[in-house]
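Summary of the model geometry
Residues per chain, in single letters:
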Amino acid sequence: MSQSVDNSVDPLDRTVDLDRTAEISALTPPPAVLSEDAEEAPRNRLKSAIFWSYALTAGRLGTTTIVTFVLAKMLGPHALGVVTTALLFVMITQMLLQQTLLTTIIQREKLDPDHLDAGFWLVICGSLALTALAASLAPLWAAFNNQPQLTMICIALTPMILLQGLTVVPEAILRRKMTFRPLAIRTLIATAIGGVVGIAMAFAGYQAWALVAQQLVTAGVGAIVLWTVTDWRPRWRLPRQAAKDLWGFSSQTALGGVGVFLAIRMDVLVIGKFFGANATGLYRIAQRLPDMLTEVTSRSLQQVSLPELARLQKRPVELGDRLAKMLHVSAVTGLPALGILAATAKPLVALLGPEWSPAGTGMQLLCIVGIVNVYGVLLGPALQAVGRPGINTALSWFQLAVGVTTFYYIGQLLNGSTDDRAQVAAIAIGMSAVELSITILMMYITFVRVLKVNTWQILGPTVPAFVAGAVGFLVPFLIDRFGLFDGPWLLKLVVYGVLATGISGGLLLALDTRTRGMVMRKLGKK
């Protein structure tokens, strides 16, 4: 389902003075008084926001993925698995902080400085309490996973909670205004510096602690840069009425956000509990690239979708039309890319070394999860935009219940097995089945029951992209399956990649009239 807005990254550019209600209220005046130029302004702002949102996510994930793969090759599956399990523990509290106020500030139709002051101090108090709670619960988490070394690593990572709390309100202001350019630049700086520190410590022999340092430095640099370049500053007061205004919506959103996070990370929790750190590290590498592609191609659009759809919350016809266009963009950019990744997954993972080869099949299977998320990432923001976060909350916790049952059964079935490949593949299959079933239900509720739009009108334009991605994967897969091409892993990566890209790109241009028209217009301008 993965409907929660990914808000884990932030800004680097001067912002205007935001201590004025007019600056941070609705994005546009009522449509009845819009001139032609005024109507064009939101479109241009949306295009700019989409571009910088893609740059934001691509820069962050491109940098962190390169660093992760370098560290994975240097440290091996066990170290990566230990830190992945510790990060899951800390990220639950970070998600709670993000979803309480960030989404609320973006969604509110009317917002004044009192709301920002109240939001900031509520988040700071909450982050301090959660930091202390997380540190005290770290030994229990280590005992649950049968990994004593997790205790100190979890405690070392808890400062990330407070650092996250410091960034929530300033980041929400920028996202509400769809100012994504500073977020993109700040992200590149923070992830690059964190990556350099992590790799240097890995060379020095710090093992898992190199990954811990990478996370802390990235979070710390990001927070420092954000406050350096943002003009808004909180005042020393907590307006009670403003806090009350924010609490009702944010409590539902927070509950839903935590439910979504646990549902989409239940696989990591179960694989760490039943199969240990080595299998967790393998699974994380298998998951990393499908997640990255979904983040770059679809969740980049998701970051823009909430403020844009919220602007149209009183105009349901326009909202449905805008949602359909966004979903088409998500499919065109995401589905062929996931097909290409699935085609090249095995040779790509093999380049890390023989100890990582069990992750290849898992990566192919987790591309299915990526495909489902391409369709699902915009559903949550659509419900939040029309003021229905309760539905998202209910479905998130329902998905969590289904996921717990599914993964517990898989864990019991393979508990004691020494076959890492089978363990990773089984969890990937379970994740795909859960995501697919919940997303279908979510589509029905969002399109039919809430927005009351024609489902095929929204999904139909995505079919060419789906076909292009599927065939782009299938041809290299069959070649590999039947041994029609042999050679070193690097050569296979190049051949399968070129073949999948050519097939996917050609089919997309042949079948998708929208994409073909856009490409022809771009070429005609040159």
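Keep in mind that what you see is a predicted model, and the values were worked out from it rather than measured. Every residue gets a number counted from 1 within its own chain, in the order that chain's sequence is written. A pLDDT threshold of at least 70 governs which residues receive local features in this predicted model, and a stricter bar of 80 or more applies before side-chain atom pairs are shown or counted, although totals over entire chains, interfaces and linings include all residues. Only hydrogens and water are set aside when side-chain values are computed; all heavy atoms of the structure are taken into account.

Some details on the packing of helix α6 (residues 181–203) against helix α7 (residues 208–229)
Pairs of packed helices are described in terms of their axes, by the angle between the two and the distance that separates them. Axis definition: a line fitted to C-alpha atoms, over the contacting stretch in the case of helices. Angles run 0 to 180 degrees between N-to-C directions. Here a strand is any run of E in DSSP of at least two residues, a helix any run of H or I of at least four, and the numbering for each starts at the N terminus. Contact geometry for α6 and α7: axes closest at 8 Å, N-to-C directions at 155°. When the axes of α6 and α7 are compared, the pair comes out roughly antiparallel. α7 is crossed by α6, and the crossing has right-handed handedness. Contact residues: R186, I189, A190, T191, I193, G194, G195, V197, G198, M201 and A202 in α6; W209, A210, A213, Q214, V217, T218, V221, G222, A223, V225 and L226 in α7. The labels follow the angle: roughly parallel below 35 degrees, roughly antiparallel above 145, roughly perpendicular from 65 to 115, and oblique for the rest. Whether a crossing is left-handed or right-handed is set by the direction in which the near helix is turned from the far one by less than a right angle, anticlockwise for left-handed and clockwise for right-handed. Any pair of residues with heavy atoms lying within 4.5 Å of one another is described as a contacting pair.

Quick look at empty space enclosed by the protein
Cavity means a closed set of points on a 1 Å grid over the protein atoms alone, one where a 1.4 Å probe fits but cannot get out, pocket means an open set with protein on both sides within 12 Å along at least 5 of 7 lines, and lining means a residue has an atom within 4 Å of a point. Grid points are joined across faces, edges and corners, and a volume is the space filled by probe spheres set on the points. What the rule picks out here adds up to two cavities of 30 Å³ or more. Of the pockets and cavities examined, the second largest cavity occupies roughly 50 Å³. The set of elements that each furnish at least two residues to the lining of the second largest cavity consists of α9 (316–350) and α15 (463–481). The dominant element in the lining of the second largest cavity, judged by the number of residues it contributes, is α9, at four residues. Residue classes follow a fixed rule: Ala, Val, Leu, Ile, Met, Phe, Trp, Tyr, Cys and Pro count as nonpolar, while Asp, Glu, Lys and Arg count as charged, and any other residue, Gly among them, counts as polar. Here the residues of the lining of the second largest cavity are counted per class, giving six nonpolar, one polar and two charged.

Quick word on the confidence of the model for the chain
When pLDDT is averaged across the chain, the result is 80; 80% of the residues are at 70 or more. In the predicted structure, residues 3–39 sits below a pLDDT of 50 and forms 111 contacts with residues beyond four places in sequence or in another chain. Confidence of the predictor at the level of single residues is captured by pLDDT, which takes values from 0 to 100.

Looking at a nonpolar patch on the surface
There is a patch of nonpolar side chains on the surface, built from L351, W489, L490, V494 and V498 and spanning about 480 Å² of accessible area. Within the secondary structure, L490 sits in helix α16 (residues 489–511). Patch building starts from residues that exceed 30% relative accessible area and form no salt bridge, then joins like charges within 9 Å and nonpolar side chains (Val, Leu, Ile, Met, Phe, Trp, Tyr) within 5 Å. Only the protein chains shown count as cover for residues, with accessible areas throughout obtained via the Shrake-Rupley method and a probe of 1.4 Å. Salt bridges are identified by distance alone: a Lys or Arg side-chain nitrogen within 4 Å of an Asp or Glu carboxyl oxygen.

What about the packing of aromatic side chains?
Only rings of Phe, Tyr and Trp enter the pairing, Trp through its six-membered ring, and a pair is recorded when the two centres are within 6.5 Å. The plane angle decides the type: under 30 degrees is stacked, over 60 is edge-to-face, the rest tilted. Within the structure shown, the criterion is met by eleven aromatic pairs. Relative to W232, the ring of F120 has its centre 6.0 Å away and its plane inclined at 70°; by these criteria the two rings are edge-to-face. Taken together, the residues F120 in helix α3 (residues 113–144) and W232 in the loop between α7 and α8 (240–311) connect sequence positions 112 residues apart. No difference in accessibility class separates F120 from W232, as the two residues are buried. The structure contains a cluster of three or more aromatic residues connected by ring pairs, namely F120, W121, W227, W232 and W236. Accessibility here uses a 1.4 Å probe with only protein chains present; expressed as a share of the type maximum, an area under 20% marks a residue as buried, one over 50% as exposed, and anything in between as partly exposed.

A closer look at the nonpolar core
L157, Y283, I285, W356 and I427 are the most contacted members of the largest nonpolar core, which totals 103 residues. Here this core gets 22 residues from one element, more than from any other, and that element is α8. Among residues more than four places away in sequence, those in contact with Y283 are D267, V268, I271, L366, V424, I427, A428 and M431. As used here, the term nonpolar core means buried Ala, Val, Leu, Ile, Met, Phe, Trp, Tyr and Cys residues forming a set that is joined through side-chain atoms within 4.5 Å. If you look at the next biggest cluster of nonpolar residues, it comprises eight residues, including L116, V169, I173 and W232.

Quick look at the packing of helix α12 (residues 389–414) against helix α13 (residues 420–450)
Packing of α12 against α13 leaves a shortest axis separation of 10 Å and a crossing angle of 160°. When the axes of α12 and α13 are compared, the pair comes out roughly antiparallel. Every pair of crossing elements has a handedness; the one defined by α12 and α13 is right-handed. Of the residues assigned to the contact of α12 with α13, the class counts are 17 nonpolar, six polar and one charged.

Here we look at unusual backbone geometry
Positive phi, close to 55°, is recorded for N146, a residue that is not glycine. The topology assignment puts N146 in the loop between α3 and α4 (150–157). Residue N146 is classed as exposed on the basis of its relative accessible area of 55%. A positive phi angle is found at Q207, which is not glycine, with a value near 55°. Assignment of secondary structure puts Q207 in the loop between α6 and α7.

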